[in-house]
Amino acid sequence: MIRRPPSAPRTSSRTGTTLRTASRTASRTAPVVLAAVLVLAGCTGPGVQGTPGGAGLRDPYFPDLGNGGYDVEHYALALDYDPDTRRLDGEAVITARATQDLSAFNLDLRGLQVASVTVEGRAARFNRQRSELTVRPRDDLREGETFRAVVRYSGVPRTVTDADGAKEGWLPTPEGAVALGQPVGSMAWFPGNHHPSDKAAYDIEITVPKGLQAYSNGELTQTRGHGGVTTFGWHSGEPMASYLATVAIGDYESGTSLVKGASRKGGLPVRTAAVPAEAEESADALRRIPEVVEWAERRFGPYPFSSVGAIIEGDGAAGYALETQTKPVFPGTPGTQLLVHELAHQWFGNSVTPKTWQDMWLNEGFATYAEWLWSEEHGGRTAQQTFDQVYAGKGAYVTNAVGGPAEVEALWSTPPARPGGADTISSGSVYYRGAMAVHKIRQAVGDDRFFALVRGWTEDRRHGNADTRDFTAYVEQRSGKDLDALWDAWLYGEGKPPKP
């Protein structure tokens, strides 16, 4: 992702707790003595053995985000959106595996009204409090059991304002809407386990008025017109964190091509979409996607997904670019450096996803360093020259990149591996000091070993999660070097390290 603050462009209800039920569970008036007999006989009934799953995963910066007790394997979302009323009707079919005995579990959902919940085909009781949807199945779920929960919901989805002032969630546009989820916005349009540590496959169907298109992650599986509307189906078979899921609804000009050099039989399909106002200007940039992917594969290893592409929105949609999986979303025509940045995220952030939001630098530091490498290998500044300019805090590159003197100063007061809080996970330190740490690793181990390390990291953690400790341990193990001083200075230290 690259945020763009208003001051400087960058290339970079409580709803109550009333318990609802569609049908009552078995009577609770059975004699206590009967329950005691059953326990003694080892025949405990439903609702006796399990415990509720946790409401939150204690993320360092978003402690209420995500939920414990289960792991989602697949989301099947059916969405019907009317741009005139901005009403969204949805059904989420969530297939998950219980990681403990469960008497109840939580889903994250902000706003929207829930009509019903079923678990394994049986009506379940549920209640709402803030962004927590607590579900109590008719029968306990056993550890290791795979179960299916179906949530039907509707309403006008919200636009969320982040701690740093950026907008996310469901963002209305002149023709439709675009959904962006980093870090917490996805819960504004579908219920789920909205923490980056729980990745899943997705099938998303979007029904919109005839004449509009709907794009999402992955590959197009169907386009079906019926009764004045059109349904578009999209499939993402590789694991995806919910913050990387997107929906884009509107009037677009589409394009398709192929990455012929991709490391897969038959090449890699490319699908793009651009709003008409940006279609002509963005054409050249979109044609460069195969070139950038082929270059990135040489540097970072095989492309980790089964398709690639981009969505070009108007500048008023969000004001920043986001690395939504397989199809990054851009606020207007991207320059080459920005295109490189968001496509590099397909390896760093999307395939290798942080365990917590404190590890954001693993996404942004590497994607920023990818920009430096591209420049170095395409006739621009070397990575060392860029490093020196950022360190000096001067030059047009630094001013445009990190937003001016205030943010340049913040590079040294905020360590990238401990960015401080929800309002600073997208700070300049996470991007640029993170990239500087990557460059210092390159200097410490040499080019050949460095690029072997990078390719090994993306292969070893492909479609998984990792944190800073995982990464530093990996680098030291593979390089055979003790790099504690590097980590202390460039990842964890406060203040500007001594001049290199």
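Structure shown above.
Below is a summary of the structure that appears in this document.

What the protein chain contains, in helices and strands, is twelve helices and 23 strands. Taking all 500 residues of the protein chain together, 56% fall into the buried category. When the accessible surface of the protein chain is totalled, it reaches about 19,900 Å², and 49% of it is carbon and sulfur.

With that settled, consider the packing of aromatic side chains. Ring pairs (aromatic) are described by centroid distance and by the angle formed between their planes. Counted by the stated rule, this structure contains 30 aromatic pairs. On the basis of an interplanar angle of 75 degrees and a centroid distance of 5.0 Å, the ring pair of phenylalanine 450 and phenylalanine 451 is categorised as edge-to-face. Taking the relative accessible area as the measure of exposure, phenylalanine 450 reaches 3% and is therefore buried. On the basis of relative accessible area, phenylalanine 451 is assigned to the buried category, the value being 6%. Taken together, the aromatic side chains of Trp295, Phe300, Tyr303, Phe305, Trp347, Phe348, Trp361, Phe366, Trp374, Trp457, Phe471 and Tyr474 make up a single cluster linked through ring pairs. Between arginine 299 and the ring centre of phenylalanine 451, over which it is positioned, the NZ or CZ distance is 3.9 Å.

Attention now moves to the pairing of strand β11 (residues 167-172). Judged from the three bridges that link them, strand β10 (residues 159-161) and β11 form a sheet pairing that is antiparallel. Paired with threonine 159 across the strands is glycine 169, a residue of β11. Between β10 and β11, which pair antiparallel in sequence order, lie five residues; one of them, glycine 165, sits at a positive phi of approximately 95 degrees. Where β11 and strand β12 (residues 177-180) come together, four bridges link them in antiparallel fashion. Of the residues in β12, the one forming a bridge with tryptophan 170 is alanine 179. Hairpin remark: β11 followed by β12, antiparallel, with four residues in the connecting loop.

Turning our eyes to something else, we now look at the packing of helix α5 (residues 361-377) against helix α9 (residues 428-445). The geometry of α5 relative to α9 is characterised by a closest axis approach of 7 Å and an angle of 65 degrees between their N-to-C directions. When the axes of α5 and α9 are compared, the pair comes out roughly perpendicular. α9 is crossed by α5, and the crossing has right-handed handedness. Along its contact with α5, which presents Trp361, Glu364, Gly365, Phe366, Thr368, Tyr369, Trp372, Leu373 and Glu376, the element α9 presents Val430, Tyr431, Tyr432, Gly434, Ala435, Met436, Val438, His439 and Arg442. Partitioned by chemical class, the residues of the contact of α5 with α9 number eleven nonpolar, four polar and three charged.

Taken in spatial order, the four strands make up an open sheet running β18-β19-β20-β21, and their pairing is mixed. Pairing within the sheet leaves two strands with one partner each, and these edge strands are β18 (253-259) and β21 (329-331). For this sheet, the mean angle separating the axes of adjacent strands, direction not counted, is 20 degrees. In this sheet, strand β20 (residues 308-313) lies alongside strand β19 (residues 268-274) in parallel orientation, the contact comprising five bridges. By the bridge assignment, arginine 271 is partnered in β20 with glycine 309.

Before going further, it helps to examine helix α11 (residues 468-479). Helix length check: α11 (twelve residues) gives 16 Å between terminal C-alpha atoms against 16 Å at 1.5 Å per residue, within 8%. Among the residues of α11, those classed as buried are Thr468, Asp470, Phe471, Thr472, Tyr474, Val475 and Ser479. Close packing links the buried residues of α11 with α5, α9, α10 (447-460), β23 (465-466) and α12 (484-492). Of the residues flanking the start of α11, the one acting as N-cap is aspartate 467, its side-chain oxygen 3.3 Å from the backbone nitrogen of arginine 469. Looking one or two residues beyond α11, the residue adopting positive phi is glycine 480, at roughly 75 degrees.

The rules behind these values
- Per chain, the residues get numbers from 1 upward, laid out in the order the sequence is written.
- At least 70 in pLDDT is required for a residue's local features to be given in this predicted model, at least 80 for side-chain atom pairs to be given and counted, and no such filter applies to totals for whole chains, interfaces and linings, which use all residues.
- Side-chain calculation: all heavy atoms of the structure are included, whereas hydrogens and water are not.
- Only runs of H or I of at least four residues qualify as helices and only runs of E of at least two qualify as strands under DSSP, and these elements are numbered from the N terminus.
- For every residue, the accessible area (1.4 Å probe, protein chains only) is compared with the maximum for its type, and the residue is labelled buried under 20%, exposed over 50%, or partly exposed between those bounds.
- Residue burial considers only the protein chains on display, and all accessible areas are found by Shrake-Rupley using a 1.4 Å probe.
- Note on aromatic contacts: the rings of Phe and Tyr and the six-membered ring of Trp form a pair at centre separations within 6.5 Å, being stacked when their planes are under 30 degrees apart, edge-to-face when over 60 apart, and tilted otherwise.
- Lysine NZ or arginine CZ positioned within 6 Å of the ring centre and within 35 degrees of the ring normal marks a charge as sitting over the ring.
- Two strands pair under a simple rule: DSSP has to find at least two bridges between them.
- For helices, the fitted line uses only the C-alpha atoms of the stretch in contact; every axis is such a line through C-alpha atoms, and the angle between N-to-C directions lies from 0 to 180 degrees.
- Oblique is the label for any angle not covered by the other classes, which are roughly parallel (under 35 degrees), roughly antiparallel (over 145) and roughly perpendicular (65 to 115).
- For a crossing to be left-handed, the near helix must be turned anticlockwise from the far one by less than a right angle; the clockwise case is right-handed.
- Here, two residues are considered to be in contact whenever any of their heavy atoms come within 4.5 Å of each other.
- Here the nonpolar group is Ala, Val, Leu, Ile, Met, Phe, Trp, Tyr, Cys and Pro; Asp, Glu, Lys and Arg are the charged ones; every other residue, Gly included, is treated as polar.
- Take the residue count of a helix, subtract one, and multiply by 1.5 Å to get its expected span.
- N or O atoms within 3.5 Å of each other form a polar contact, as long as, within protein, one can give a hydrogen and the other can take it, and as long as residues adjacent in sequence are counted only when both atoms are side-chain atoms.

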